[in-house]
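Observations on chain architecture
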Amino acid sequence: MARMMKVAIVDDEEDIRQSIGQWLALSGFDTETFCSAEEALKVIGPDWPGVVISDIRMPGMDGMTFLKRLMGLDSGLPVIMITGHGDVPMAVEAMRLGAMDFMEKPFNPDRMTELAKRATQTRRMTLDARALRRDLAEGSAVVGKLIGVSPSMERLREDVLDIAQSDGHVLIDGETGTGKTLVAHALHAAGTRAGKKFVTISCAAYTEEALAEKLFGPVAEGLPLVEEARGGTLVLEDIEALSTGLQARLLTVLNEQGTPAETRVVAICNAHGEGRTLEDVLRPDLFFRLAAHKLTLPPLRARGEDVLTLFTRMTEAFADDYGCEPPEVSAQEAAQLLQAPWPGNVRQLINVAERAVLQARRGSGSIASLLMAETDEAGTAMTTEGKPLKEYVESFEKMLIDNTMRRHKGSISAVMEELCLPRRTLNEKMAKYGLSRGDYT
């Protein structure tokens, strides 16, 4: 529903205020009158949902000063100036300063209505565009949570931003703990449906009967989820658990909505290691409908130095929570982190990072022991085989400089002192690893 625009009428003469207000109110506008510019400024601010009609000649703050104040608050606010006989040159100057238009006394009612209509339409488009930019900025922030500099993560962020702008349904695949639900949030927040409903449900968490009621109704309270999510995004986690009967009902709903779909469905698949694919468990027509866009998230073990970046970020966050210093990571421990198999992916890394902080706070334990406890495979995986030592050293070096720069908020002198590096060496290493001081200040 389009937002209702107000028309603020500012004039020191009561009869003028009333005549303009009554006429515009009869024409369907929501009007508000003010006897002075000072009174109007108590109400009108940035993103004010309306337009302003103001006299030029007023006691106290005159119309020209008022206009300058309004343009300083919000340069996109449409202002229509009221001029008397002989004030036309002043009105032209007002338009140069940012006024939208002017009208002369005595007023032509039809022209007044037309100007107010044009001004409110312009204002509505301006505010809608700002809201969209804010939504996109928030979406970019969510996409920014997909941390990593590996080629696979760079590609994933680009794909998310591209797919977010389309209306097609999305199928997200990937191992447990790779961040599939976060990607679903990013698709919604960075797309045209940002600000609309984002509804999520696990298809594996309910019996078939309970899931049918939650998705399609009737429900005792509220709306069934396919209705609640209408116009927004419906996320179906564990889509492989959807029974044949419910697949048919979901397909009927999608067919009824047509193309482009009124509600975008993001289906998340968690079927791994069972010797079957999603094509095996979903009826073909539903599979191809949901897989209009398909994203496969990379496992953590394939993301290279992202492991160290994520581990550093997580330990710093947990250290803030627990009021202590994050644990220092040695070169050997960095190599162990890089070689760990990470069967639980990012979710497992978060658990290890928290335990590393807790044991560092006690002054005991090691990252190696944590990794050994996490998986039986860690003993063979944590070796220096399969990757040149030079790559481990460089990954650790980059992580250490990045960590120190963030801790000192980009202070080169503090980083030089802590790492015992001359300025030239530090500059060369930062350039080598693509680190910029501006990212930390």
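To keep things clear, this report deals only with the structure shown in the data block.

Reading the values: the criteria
- Residues numbered from 1 in each chain as written.
- Predicted model: local features only at pLDDT ≥ 70, side-chain atom pairs only at ≥ 80, totals over all residues.
- Heavy atoms only, no water.
- 1 Å grid on protein atoms, 1.4 Å probe; cavity = no way out; pocket = protein on both sides within 12 Å on 5 of 7 lines; lining within 4 Å.
- Points joined across faces, edges and corners; volume = space filled by probe spheres on them.
- Helix = DSSP H or I, 4+ residues; strand = E, 2+ residues; numbered from the N terminus.
- Nonpolar A, V, L, I, M, F, W, Y, C, P; charged D, E, K, R; others polar.
- Domains from an automatic or database assignment.
- Pairing = 2+ DSSP bridges.
- Axes fitted to C-alpha atoms, helices over the stretch in contact; angles between N-to-C directions.
- Contact = heavy atoms within 4.5 Å.

**Quick notes on the layout of surface pockets**
Considered as a void within the structure, the largest pocket measures approximately 430 Å³ in volume. In terms of lining residues, the largest pocket is bounded by 23 residues, among which Gly-177, Thr-178, Gly-179, Leu-182 and Val-346 are the most central. The element contributing the most residues to the lining of the largest pocket is helix H7 (residues 180-189), with four residues. In the lining of the largest pocket, the residues fall into 12 nonpolar, six polar and five charged. Shared between two domains, the lining of the largest pocket takes at least three residues from each, and those domains are domain 2 (146-298) and domain 3 (302-379). Computed from the structure, the second largest pocket encloses a volume of approximately 320 Å³. As for the second largest pocket, its lining consists of 17 residues, and the residues nearest its centre are Val-149, Thr-309, Arg-313, Asp-402 and Leu-435. The set of elements that each furnish at least two residues to the lining of the second largest pocket consists of helix H13 (306-322) and helix H18 (389-407). At five residues, the largest contribution of residues to the lining of the second largest pocket is made by H18. Residue composition of the lining of the second largest pocket, grouped by class: seven nonpolar, four polar and six charged.

**A closer look at empty space enclosed by the protein**
Any empty space left between atoms is shown by rolling a water-sized probe over those atoms. Counted by the stated rule, this structure contains two cavities of 30 Å³ or more. The computed volume of the largest cavity comes to approximately 50 Å³. Taken together, Val-226, Leu-234, Leu-250, Val-253, Leu-254, Gln-257, Thr-263 and Val-265 form the lining of the largest cavity. Considering every element that reaches the lining of the largest cavity, the biggest residue donor is helix H10 (residues 244-257), with four residues. Grouping the amino acids of the lining of the largest cavity by side-chain chemistry returns six nonpolar, two polar and no charged. Forming the boundary of the second largest cavity are Ala-164, Ser-166, Leu-187, His-188, Gly-191, Thr-192, Arg-193, Thr-233 and Arg-264. When the residues that make up the lining of the second largest cavity are grouped by side-chain class, the tally is two nonpolar, five polar and two charged.

**As for the sheet that holds strand S3 (residues 50-55)**
Judged by pairing direction, the sheet is parallel, and its five strands sit side by side in the order S2-S1-S3-S4-S5 without closing on themselves. Edge positions in the open sheet fall to strand S2 (30-34) and strand S5 (101-104), since each of these has one partner strand only. With strand direction ignored, the average angle separating the axes of adjacent strands in the sheet is 20°. Relative to S3, strand S1 (residues 6-10) runs parallel, the two sharing five bridges. Bridge pairing in S3 places Lys-6 opposite Gly-50. In the packing of helix H3 (residues 63-73) onto the sheet, the strands contacted are S1, S3 and strand S4 (79-83), and the crossing angle to S3 comes to about 160°. Packed onto the sheet, helix H4 (residues 88-97) meets S4 and S5 and runs at close to 160° relative to S5.

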